[in-house]
2 protein chains.
Amino acid sequence: MALSNEIRFSKKRTWSHDLPISYLMQQGVENPGVLSLAAGLVDQNSLPVSITKNAFESLFSDSGAAREALQYGTTAGSLSLRKLLLTHLTNLEQKSAEELGVTVDNLIVTTGSQQYLSLLGEVLLDPGDICLVAAPTYFVFLGVLQGLGARIISVDTDESGMRMDSLDSTLEMLESQGQLDRVKMIYLVSDYENPSGLSLSVERRKQVIGVAQKWSKQHRIHILEDLAYRELCYDGPVLPSIRSFDKTGETVILTQTFSKSFAPGLRVGFGVASKQVCAAISDKKGNDDFGSTNMSQHILANALRENLYYDHVDYLRSVYREKRDCMLDSAETYFSKFRNVHWIHPRGGLYVWMTLSESIETGFQSPLFQKAIHQDKVMYVPGELCYAFDQGIDSSEQPVIQKNHMRLTFGVQNIEGIREGMKRLSDAVKSFI
Amino acid sequence: MALSNEIRFSKKRTWSHDLPISYLMQQGVENPGVLSLAAGLVDQNSLPVSITKNAFESLFSDSGAAREALQYGTTAGSLSLRKLLLTHLTNLEQKSAEELGVTVDNLIVTTGSQQYLSLLGEVLLDPGDICLVAAPTYFVFLGVLQGLGARIISVDTDESGMRMDSLDSTLEMLESQGQLDRVKMIYLVSDYENPSGLSLSVERRKQVIGVAQKWSKQHRIHILEDLAYRELCYDGPVLPSIRSFDKTGETVILTQTFSKSFAPGLRVGFGVASKQVCAAISDKKGNDDFGSTNMSQHILANALRENLYYDHVDYLRSVYREKRDCMLDSAETYFSKFRNVHWIHPRGGLYVWMTLSESIETGFQSPLFQKAIHQDKVMYVPGELCYAFDQGIDSSEQPVIQKNHMRLTFGVQNIEGIREGMKRLSDAVKSFI
């Protein structure tokens, strides 16, 4: 018999092929002159160089502490960091740990909040299980769900975030289809959603817990609250988390990161969940890496302990507020002349969601994207990536995906780059109006 | 209908329950006076405090470089680090990158080599797929395989590592059972295996590639070569890797870590594989964390670039050589008086594998383990954890698992601790002779 050199990968490997993020990054590499309003990087100039240096030096001034940072840590993360994270959380929520029902045992430190999202998916979702998401939502998480073979079902949103009546009727429909037992979670980016920039209203934050519990008929339906952007608030009220309304702490799983508010290069995020969920995540994480980088955790702990962190976040807010205003001003300057082009004014986060007239498609293969990248040298994230494709139903039954949006970010470019990028983008759009 | 608060976890969550590593760590926490010859930590005093400080300061003396370390990296890892890793690999193999058929595109940086092992399992193994392992082998990897629902089948070993005749006949048997199409990989810790301390002979390193290829009838059977301990060599010849005999680089996937030879707190490991396998790993890692801690990678790159790393490894070898000798001396002092107790003299790595007479069991529930931990205040890893349980066959058909071994490590304790630990352990064993 002839030998075979063919590799037979696992079934789930086939579910994580051709992720849009890879295509986007590839475009960036292949087109070096392109100005990116797409890349999810953070502002380069405001990265906390001297704070990190101080925190490191303070850590390494004590060789015992330095050795601890260089040794293995524990799977759940450094206990001293988790204590500080608990305080951090109570500061943000303006509630005591007792009121929140959180102890260090409910906290797990991960490699960015991305790892927390992925681990949670691994322990909760079997192929075919259902996660409900907003339309639009964070497209990288859609990739995670797809990679697990999960069904992703979109719920309508308006200017106050995911609509609770739509959520309720979607769950009712799933029950009537005999699919309620497959529904495992509801994913929500409650503050300054990526990509829309919108926040879930306080009223809905309270309601959604009731909806999740109402439909927890066969088993618990969790709410996964992704608060990656909560500290990047520029104006308007700062809202309490969904988690803060969950009295038992059993329905809501909350995750946050220091990638946006401090430094993504440290890759420190964390999540808060019930002990049963923590045990599952910890077991999986034990197999995957038995603990995220200990050194990063110790550096961050020093920055938090010495309050270097909070001053930095204040500073970052002023940096990003200016950049957001620049993007909105540039939108006004370059896009207000076009009919049927509008955009959302976000109160925080890193994104401006722009909508063109319905006839103008923005996807990778669209004339607009191709012209933008090759001729005008500017890149955005096509809005259609942020809408879920439900693998559980036929193409003909899919909800209509809007193809005329663009996610623009003011995160990575400086003021000049934002202005120039918006000008280039308006040049690209102009020819299709 | 009453609401249900029951959590329905994914099927794979049920496969990673009750991992022995968690039990071991719990025992350590609950019995604080216990001297651990079990913990897989590295030597605390020789951790590279000043080298890391120098590497960090050198990195942060250039604010541009510092900002790069604080920004997001790429999923595959820092390109400058990967270039240095390529050089590192060619140094270790004493072969050029061309001869090895490796470029930076074959290299992926992970959170310790543990993450590489786990990612590879994720992309190659479906539940019920088969991985062949040595008996005994690295028990944490057995947990990874179990967590993926894989079948783990043991192959006999002798003092030269896994027996190639047994490997061949096991594959023949699997073919006769119609199971060859489920065999995906052969896992080998070729240098100073954890737990046995034995290395695979050069002859077998060459042979195993032929065996894997011979049985690649339906698809490619990969060899996963775990070289976590390769740099911790104390005496005797340093052997070329299995990978170095794989001309096309398609059969062998190699992984290494800086956790043992430098600092586990940085959590930097890497793997080398064909581009097709790299693409699969990269896609999964993109979903899991889109890149390990960038900061650690930049610190390590500086240590490698300025050759601080190699001096440290030389120093580490002398530290661990002394500790190994101390453990072997103590074994001689305290155990040679017992009949039917023997142990292996490892030429590298961190472990001494000790065998008691067949009637003395060493498992968690055994009188010996309980006496050791509660009365004599010493802990070891029961050898039976290092033998695979094949979930694909009935209990009655399982190969006989030897229950009279102990894995002892000289990694974490200092000289006094090693001596005292061995004395306590001999006290525990004495009462069962």
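These numbers come from a predicted model, not from an experiment.

Give a description of the overall build of chain A that names residues and reports values.
For chain A, the helix and strand inventory stands at 15 helices and 15 strands. Here the C-alpha atoms of chain A give a radius of gyration of 22 Å, agreeing with the 22 Å that 2.2 N^0.38 yields for 433 residues. Taking all 433 residues of chain A together, 55% fall into the buried category. Long-range contacts, defined here as pairs at least 24 residues apart, represent 76% of the contacts in chain A between residues at least 6 apart.

Kindly report on the pairing of strand S4 (residues 151-155) of chain B, identifying the contributing residues and their values.
A regular strand carries its side chains on alternate faces of the sheet. All names here are of chain B. Most of S4 is tucked away, with 5 of its 5 residues classed as buried. Burial along S4 is two-sided: the face carrying Arg 151, Ile 153 and Val 155 and the face carrying Ile 152 and Ser 154 are both buried. Pairing of strand S3 (residues 130-134) with S4, which is carried by 5 bridges, proceeds in the parallel orientation. Within the sheet, the bridge partner assigned to Leu 132 lies in S4 and is Ile 153. In this fold, the crossover linking S3 to S4 by way of helix H8 (residues 139-147) has right-handed handedness.

Describe the pairing of strand S2 (residues 107-111) of chain B, listing the residues and the values that go with them.
Residue and element names in this part refer to chain B. A large share of S2 lies buried, amounting to 5 of its 5 residues. Direction of pairing for S2 relative to strand S10 (residues 268-272): antiparallel, over a ladder of 5 bridges. Each residue of the ladder has a partner; that of Leu 107, found in S10, is Val 272.

Could you give an account of the interface of chain B and chain A, with specific residues and numbers?
Taken residue by residue, the interface counts 75 residues in chain B and 75 residues in chain A. Among the secondary structure elements, those contributing two or more residues to the side of chain B that touches chain A are helix H1 (11-15), helix H2 (20-30), helix H3 (49-60), helix H4 (63-70), helix H7 (112-124), H8, helix H11 (275-288) and helix H12 (294-305) of chain B. Examining the composition of the side of chain B that touches chain A, we find that 8 residues originate from one element, H11 of chain B, more than from any other. For the side of chain B that touches chain A, the per-class residue count stands at 28 nonpolar, 30 polar and 17 charged.

Go over the relation of the copies chain B and chain A, please, and point to the residues and values.
When chain B is brought onto chain A, the operation consists of a screw motion whose angular component is 180° and whose axial shift is 0.0 Å, with 0.0 Å RMSD remaining. What the superposition gives is, in effect, a two-fold axis relating one chain to the other. For chain B, the residue whose C-alpha comes nearest the rotation axis is Thr 293 of chain B, separated from it by 3.4 Å.

Can you explain the domain arrangement of chain A? Please cite residues and give values.
Residues and elements named next belong to chain A. Domain assignment breaks chain A into domain 1 (12-47 + 311-430) and domain 2 (49-307). Placing the centre of domain 1 and that of domain 2 at their C-alpha centroids yields a distance of 24 Å. Tallying the contact residues gives 36 residues for domain 1 and 40 residues for domain 2. Taken together, the elements giving at least two residues each to the side of domain 1 that touches domain 2 come down to helix H1 (11-15), helix H2 (20-30), helix H13 (308-335) and strand S12 (351-355). Examining the composition of the side of domain 1 that touches domain 2, we find that 8 residues originate from one element, H13, more than from any other. Tallied by class, residues from the side of domain 1 that touches domain 2 come to 21 nonpolar, 7 polar and 8 charged.

Go over unusual backbone geometry, please, and point to the residues and values.
Residue and element names in this part refer to chain A. Cis rather than trans, the peptide bond between Asn 194 and Pro 195 has omega equal to 20°. For Pro 195, the location among the structural elements is in the loop between strand S7 (183-188) and helix H10 (202-214). Located in the positive-phi region is Tyr 192, a residue other than glycine, with phi close to 50°. Mapping Tyr 192 onto the fold places it in the loop between S7 and H10.

Got a sec to walk through the sheet that holds S12 of chain A? Specific residues and values, please.
Residue and element names in this part refer to chain A. Overall, antiparallel pairing links the 4 strands, which are arranged S11-S12-S15-S14 in an open sheet. Two strands bound the open sheet, and with one partner strand each, they are strand S11 (342-343) and strand S14 (381-382). As paired strands, S14 and strand S15 (residues 405-409) are joined by 2 bridges and run antiparallel to one another. Paired with Pro 382 across the bridge in S15 is Met 406.

Account for the sheet that holds S7 of chain A, with residues named and values stated.
Two pairing modes exist for strands in a sheet, parallel and antiparallel, and in both the strands are linked by backbone hydrogen bonds. Residues and elements named next belong to chain A. Spatially, S2-S10-S9-S8-S7-S3-S4 is the arrangement adopted by the 7 strands of the open sheet, whose pairing is mixed. Single-partner strands in this sheet number two, and they are strand S2 (107-111) and strand S4 (151-155). The average undirected angle you get between the axes of adjacent strands in this sheet is 25°. Both strand S9 (residues 252-257) and strand S10 (residues 268-272) contribute to a ladder of 4 bridges, which runs antiparallel. Following the sheet pairing, Leu 254 is matched in S10 by Val 272. Packed on one face of the sheet, helix H7 (residues 112-124) meets S2, S7, strand S8 (222-226), S9 and S10 and runs near 40° to S10.

I'd like a rundown of H7 of chain B, residues and numbers included.
Taking 1.5 Å of rise per residue, the 13 residues of H7 of chain B would be expected to cover 18 Å, and the 19 Å separating its terminal C-alpha atoms lies within 8% of that figure. Counting buried positions along H7 of chain B yields 13 of 13 residues, so the element is predominantly enclosed.

I'd love a proper account of the packing of helix H3 (residues 49-60) of chain A against helix H12 (residues 294-305) of chain A, names of residues and values included.
All names here are of chain A. One can describe the packing of H3 onto H12 by two numbers: an axis separation of 8 Å at closest approach and a directional angle of 105°. By the criterion of interaxial angle, the relationship of H3 to H12 is roughly perpendicular. Listed contacts from H12 to Ile 51, Thr 52, Ala 55, Phe 56, Ser 58 and Leu 59 of H3 are His 298, Ile 299, Asn 302 and Ala 303. Residues of the contact of H3 with H12, tallied by class, amount to 6 nonpolar, 4 polar and no charged.

Could you give me a rundown of the environment of Pro 136 of chain A, with the residues and numbers involved?
With respect to the helices, strands and loops of the structure, Pro 136 of chain A is situated in the loop between strand S3 (130-134) and helix H8 (139-147). Pro 136 of chain A has contacts with Pro 195, Ser 196, Gly 383, Cys 386 and Tyr 387 of chain A, leaving out every residue within four places of it along the chain.

Break down the packing of helix H5 (residues 79-93) of chain B against H12 of chain B for me, with residues and values.
Residue and element names in this part refer to chain B. Contact pair H5 / H12: the axes reach a minimum separation of 9 Å and the direction vectors enclose 45°. One element, H5, and the other, H12, form an angle in the oblique class. Judged by the twist between their axes, the crossing of H5 over H12 is left-handed. In this structure, H5 contributes Ser 80, Leu 81, Leu 84 and His 88 to the contact, and H12 contributes Gln 297, Leu 300, Ala 301, Leu 304 and Arg 305. Looking at the contact of H5 with H12 residue by residue, the classes come out as 5 nonpolar, 3 polar and 1 charged.

The rules we used
- Residues numbered from 1 in each chain as written.
- Chains lettered and ligands numbered in written order.
- Predicted model: local features only at pLDDT ≥ 70, side-chain atom pairs only at ≥ 80, totals over all residues.
- Helix = DSSP H or I, 4+ residues; strand = E, 2+ residues; numbered from the N terminus.
- Rg over C-alpha atoms; globule rule 2.2 N^0.38 Å.
- Buried ≥ 20, exposed ≤ 12 C-beta atoms within 10 Å, placed from the backbone.
- Contact = placed C-beta atoms within 7 Å.
- Pairing = 2+ DSSP bridges.
- Right-handed = clockwise from strand over helix to strand, strands pointing away.
- Nonpolar A, V, L, I, M, F, W, Y, C, P; charged D, E, K, R; others polar.
- Least-squares fit on C-alpha atoms with pLDDT ≥ 70 in both.
- Domains from an automatic or database assignment.
- Axes fitted to C-alpha atoms, helices over the stretch in contact; angles between N-to-C directions.
- Expected span 1.5 Å × (residues − 1).
- Parallel < 35°, antiparallel > 145°, perpendicular 65-115°, else oblique.
- Left-handed = near helix turned anticlockwise from the far one by under 90°.

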